[in-house]
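Chain residues, written in single-letter form:
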Amino acid sequence: SEMKKLTKILIGTHNKGKIKEISYLLNKKIKKISPFQLNIDSPVETGKTFKSNSELKAKYFFKKSKIATISDDSGLCIECLGNKPGVYSARWAKKYGNFKQAMLKIIHLVKNKNKNKKKQNTKAKFVCSLTLHINAKKKYNTTGIIYGNISDKILGKNGFGYDPIFIPAGLNLTFGQMENSEKVLMDHRYLAFKKLK
Ligand code: IMP
């Protein structure tokens, strides 16, 4: 595949959790570079969709580095909250102070939405849009989605971001309670990566 021909790749994100996961997925032989090493900052995410932000980031980092770039835009969408925080997932953590506060806020909002309801709707999904920008002419984009539910407590210390409140469908643990090696081979980023390959 085209990805196999690449000798080095820039992982176009400053999110250390994402860098770790994407590095894990990429072939061992590919040299992985991060924006930290090149002193490149992040673009402003002006897009309204995961896809537009993912493409915007890949284009930005490719233009600055001239190195083939893989970029991710991802987030948590909660059905009873009209798919929020969605593309604002990182920004909610800023708005509420940190991820712990944002997770407590989400638990509270979900609880309120379901008050007096017979059937509780805690459905959620993590979405990831990946873009591989190979050169000025060639780029590829894929989306991966993992479905699940929001837990009623913060559970587990593994992973990053909203991992401690997301329970993937069919399992009884949050991503935060799972081994990282297990999460990395099932999540939204993995599903998008498989398609990209
Ligand atoms: P962005 O793609 O940089 O706009 O930020 C995505 C945000 O979504 C991250 O900062 C996390 O808060 C959240 N997120 C994306 N993927 C994951 C994941 O695998 N686990 C937990 N949180 C995630």
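Remember, it's a predicted structure, so these values are computed and weren't measured experimentally.

Chemist: What is the right way to read the layout of surface pockets from this model?
Modeler: To find the voids left in a structure, one rolls a probe of water-molecule size over its atoms. Roughly 680 Å³ of internal volume is contained in the largest pocket. Around the largest pocket, the lining comprises 29 residues; the ones closest to its centre are Asn15, Lys18, Glu45, Ser89 and Ala90. Those elements that provide at least two residues to the lining of the largest pocket are α4 (50-65), β3 (69-78), α5 (89-96) and α8 (188-196). Counted by class, the lining of the largest pocket contains ten nonpolar, ten polar and nine charged residues.

Chemist: I'm lost on the packing of α5 against helix α6 (residues 99-113) in this one. Help?
Modeler: Where α5 contacts α6, the axes come no closer than 7 Å and their chain directions differ by 100°. With respect to α6, the element α5 is oriented roughly perpendicular. In contact with Ser89, Trp92, Ala93 and Tyr96 of α5, α6 contributes Phe99, Gln101, Ala102, Lys105, Ile106 and Leu109. Of the residues in the contact of α5 with α6, the class split is seven nonpolar, two polar and one charged.

Chemist: Could you clarify how one ought to interpret the pattern of salt bridges in this entry?
Modeler: Pairing between side chains of opposite charge can happen when the charged atoms of each approach one another. One pass over the full model with this rule turns up 13 salt bridges. Across the pair Lys64 and Asp41 runs a salt bridge, and its minimum N-O distance is 3.8 Å. Taken together, the residues span a long stretch of sequence, with Lys64 in helix α4 and Asp41 in the loop between α3 (35-38) and α4 at a distance of 23 residues. For Asp41, a relative accessible area of 44% corresponds to the partly exposed category. We note a salt bridge from Asp73 to Lys57, for which the minimum N-O separation is 2.9 Å. Placement of Asp73 in strand β3 and of Lys57 in helix α4 is noted, with a sequence separation of 16 residues between them. Linked through salt bridges whose partners overlap, the residues forming this network are Lys18, Glu21, Asp72, Asp163, Lys183, Asp187 and Arg189.

Basis of the calculations
Throughout this description, residue numbers start from 1 for each chain and increase along the sequence as written. Per-residue local features are limited, in this predicted model, to residues with pLDDT of at least 70; the limit for side-chain atom pairs, both in listing and counting, is 80 or more; totals at the level of whole chains, interfaces and linings are taken over all residues. Note: side-chain values were computed over all heavy atoms of the structure, leaving out hydrogens and water. Two kinds of site are reported from a 1 Å grid over the protein atoms alone, namely cavities, where a 1.4 Å probe fits but cannot get out, and pockets, open sets with protein on both sides within 12 Å along at least five of seven lines, and residues are called lining when an atom falls within 4 Å of a point. Grid points are joined across faces, edges and corners, and a volume is the space filled by probe spheres set on the points. Starting at the N terminus, helices and strands are each numbered in turn, a helix being any DSSP run of H or I of at least four residues and a strand any DSSP run of E of at least two. Polarity classes work like this: nonpolar for Ala, Val, Leu, Ile, Met, Phe, Trp, Tyr, Cys and Pro, charged for Asp, Glu, Lys and Arg, and polar for all others, with Gly in that last group. A fitted line through C-alpha atoms serves as each axis, taken over the contacting stretch for helices, and the angle formed by two N-to-C directions is quoted from 0 to 180°. Small angles under 35 degrees read as roughly parallel and large ones over 145 as roughly antiparallel, with 65 to 115 read as roughly perpendicular and the rest as oblique. Should any heavy atoms of two residues lie within 4.5 Å, those residues are counted as being in contact. Salt bridge, as applied in this entry: a Lys or Arg side-chain nitrogen positioned within 4 Å of an Asp or Glu carboxyl oxygen. Partly exposed describes any residue whose relative accessible area lies between the buried limit of under 20% and the exposed limit of over 50%, with all areas from a 1.4 Å probe on protein chains only and scaled to the type maximum.

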